[in-house]
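Take a look at the letters that make up each chain.
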Amino acid sequence: MSMAALRLWLRCLFGPKLTRIHRDPEQAGSGPSSGWPYQPRTLEKHTDSVLGWASGLWSLSYYTSPLLAWYLYRKGYVCSSRLVPVSQYLGTLLVLLLGVACLRGIGRWTNPEYVQFISILEENRRSRSPESKRRLACFDFEFCAWPVDFSWSEAGSRKDLSRGGVPLLKTEPRHRGAADSVLSTIQKLPCQVISYLIAHSFGRRMLYPGSVCLLQKAMRPMLVQGQTRLVEEFQGTRAKLLACDNNEIDTMFVDRRRNEDERGRTLVICCEGNAGFYEIGCMNTPLEGGYSVLGWNHPGFAGSTGVPFPQNEANAMDVVVQYAIQRLGFQPEDIVLYAWSIGGFTATWAAMSYPDLRALVLDASFDDLLPLALKVMPESWRSLVTRTVRQYMNLNNAEQLCKYQGPVLLIRRTRDEIITTTGPEDIMSNRGNDLLLRLLQFRYPKVLTEEGVRAVREWLSSGSEVEEAALYSRYEVDDDWCSSVLQSYRTDRPAEFPWAVGEDMSAEGRRQLALFLARRHMRNFDTTHCTPLPPSEFQLPARL
């Protein structure tokens, strides 16, 4: 074997798994109308299957390692006399797997399609030219081998960030004496250790099940199908972004700016739920509505690396917004944030951190994670759950939302079974209600007095359009009068919230204005939590 052939075999041996070959858009007239799945030859197919099973068993043993260790201990395998045969067995297994990997490299080496792909990948790593990047985009392969397209350090205004990440809202510490502080720290140390273990083991996986490897393996065919649709049907562009914590973020951008439709010049950045991926998630709603769309996956989801803790989530969102502004060329006033469920945390963080963004749409989101966490955990764990959430998983959406001055629209699912604390039949336990009240009470404190809050709560208890209309009619709400009051206030005073409008208003006027504001900031959608939002239900909030 020549040196050139040996180097090629080594590149095939350590190269990424190839899944699909997309049609080159610049050669549309000379080839197939769409892409085609990569067809491995017999040797590569069978060896890849063996390595896939080995990877799956390793993932299963990782998640069941405590039970496995206990079982081995009970059987007496955790002793010096029995560890030697076990280690020899594992060594033999590793040698066999290495041999299987070498055979897979030979199978790839004999496949012209894979050789062409690995050559283009190597060329892209050397030159990074637009032409090599375009050619590489015609292949769908393991994202870990994809070159970085944009880094947080390229955004000049963010170069001062430390590796710790972007700033988050923190709970103010309670000040105590030095002696009390040391004693308190020692007393709380066991609880802090337990909280850390809970957050970094099953807690994080319960909160973000989409980060579990076994679930991703099960969903792999659907993710590949969704990726194919975005690239081949909508001409989407995939990119890898490097966040300030060195996590790699998998993104997909669909550009509609060339269309005549005005909506194409608006970019919608989508933030997925706790088991959502941009390939099959809420990105499809604005996409089918005709907007330019940028989707991204949470850290630890699909091609993105890392783990989805709040700091990592905010770091990822920061580089996504910077990518949209610095590389894609959108102005902040042309960018809308759209989030579903737990994606409301990153969306409200971005709205707080980039106040010039055009608007924010939150679908089936909540005000705070703690009440929902307490709902699913035993009552005896209340203190421990509170400590764990506040220290490691503090998704304080309402607090972040109140820092944003732009237009906001909340979409409430009237049969939501996830973000209700007592059940979907009790619409008043939907935490979206609390999110709306927190927002309105901050922005319009003189309107949301006792009678205003009471009227809004009565409106929130309405489960249908008929009930809403009846309540609106009973309070004789005049939309034109409410609009004129708000416009007049804004004309004469600074537009920054909170507003003092309603200060000299009667109780009847405050009730009317409170209901008007509630209806402008929230829309009901009669469905469950996980039902995809139809494009017809996706609307941008209007400025008052």
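Residues numbered from 1 in each chain as written. Predicted model: local features only at pLDDT ≥ 70, side-chain atom pairs only at ≥ 80, totals over all residues. Heavy atoms only, no water.

**A word on the pattern of salt bridges**
Under the counting rule described, the total for this entry stands at 26 salt bridges. A salt bridge links R265 to E262; the shortest N-O distance between them is 2.4 Å. Here R265 falls in the partly exposed class, since its relative accessible area comes to 37%. For D363, the salt bridge identified is with R413, shortest N-O distance 2.7 Å. Within this pair, whereas D363 is found in strand β10 (residues 359–363), its partner R413 is found in strand β11 (residues 408–413), the two being separated by 50 residues in sequence. Connected via shared salt-bridge partners are K17, D48 and R104. (Salt bridge = Lys/Arg side-chain N within 4 Å of Asp/Glu carboxyl O. Buried < 20%, exposed > 50% of the residue type's maximum accessible area, 1.4 Å probe, protein only. Helix = DSSP H or I, 4+ residues; strand = E, 2+ residues; numbered from the N terminus.)

**A closer look at the layout of surface pockets**
The calculated volume of the largest pocket comes to roughly 1600 Å³. In terms of lining, the largest pocket is formed by 46 residues, of which the most central are K17, S55, E142, K217 and R220. Counting only elements with at least two residues in the lining of the largest pocket, the list comes to β1 (18–21), α2 (42–63), α4 (80–109), β3 (139–141), α7 (178–207) and α8 (213–233). Looking at the lining of the largest pocket, the element that brings in the most residues is α2, giving 11 residues. Here the residues of the lining of the largest pocket sort into 17 nonpolar, 14 polar and 15 charged. (1 Å grid on protein atoms, 1.4 Å probe; cavity = no way out; pocket = protein on both sides within 12 Å on 5 of 7 lines; lining within 4 Å. Points joined across faces, edges and corners; volume = space filled by probe spheres on them. Nonpolar A, V, L, I, M, F, W, Y, C, P; charged D, E, K, R; others polar.)

**Considering the sheet that holds β1**
The antiparallel open sheet is built from three strands, whose spatial order is β2-β1-β3. Single-partner strands in this sheet number two, and they are β2 (36–37) and β3. Bridging between β1 and β3 involves three bridges; their strand directions are antiparallel. Its bridge partner lying in β3, R20 is registered against D140. (Pairing = 2+ DSSP bridges.)

**Examining the packing of helix α1 (residues 3–14) against helix α5 (residues 112–127)**
Contact geometry of α1 with α5 gives a least axis separation of 10 Å together with a crossing angle of 90 degrees. In terms of orientation, α1 and α5 fall into the roughly perpendicular class. Residues L8, R11 and C12 of α1 pack against Y114, V115, I118 and E122 of α5. (Axes fitted to C-alpha atoms, helices over the stretch in contact; angles between N-to-C directions. Parallel < 35°, antiparallel > 145°, perpendicular 65-115°, else oblique. Contact = heavy atoms within 4.5 Å.)

**Focus on the packing of aromatic side chains**
Scanning the entire structure with this criterion turns up 18 aromatic pairs. A ring pair is formed by Y114 and F117, whose centres lie 5.4 Å apart and whose planes are at 70 degrees; its orientation type is edge-to-face. Residue Y114 and its partner F117 are both found in helix α5; the two are separated by three residues, about one turn of the helix. Each of the two residues, Y114 as well as F117, counts as buried. A centroid spacing of 5.3 Å and a plane angle of 50 degrees characterise the contact between F117 and F139, whose relative ring orientation is tilted. On the criterion of sequence distance, the pair formed by F117 in helix α5 and F139 in strand β3 is long-range, its members being 22 residues apart. Each member of the pair, F117 as well as F139, is classed as buried. Ring pairing ties together the aromatic residues Y38, Y114, F117, F139, F141, F143 and W146, which thus form one cluster. Directly above the aromatic system of W146 lies the positively charged group of R238, at a separation of 5.9 Å from the ring centroid. (Phe/Tyr/Trp six-rings, centres within 6.5 Å; stacked < 30°, edge-to-face > 60°. Lys NZ or Arg CZ within 6 Å of the ring centre and 35° of its normal.)

As far as function goes, none of this settles anything; it's purely spatial.
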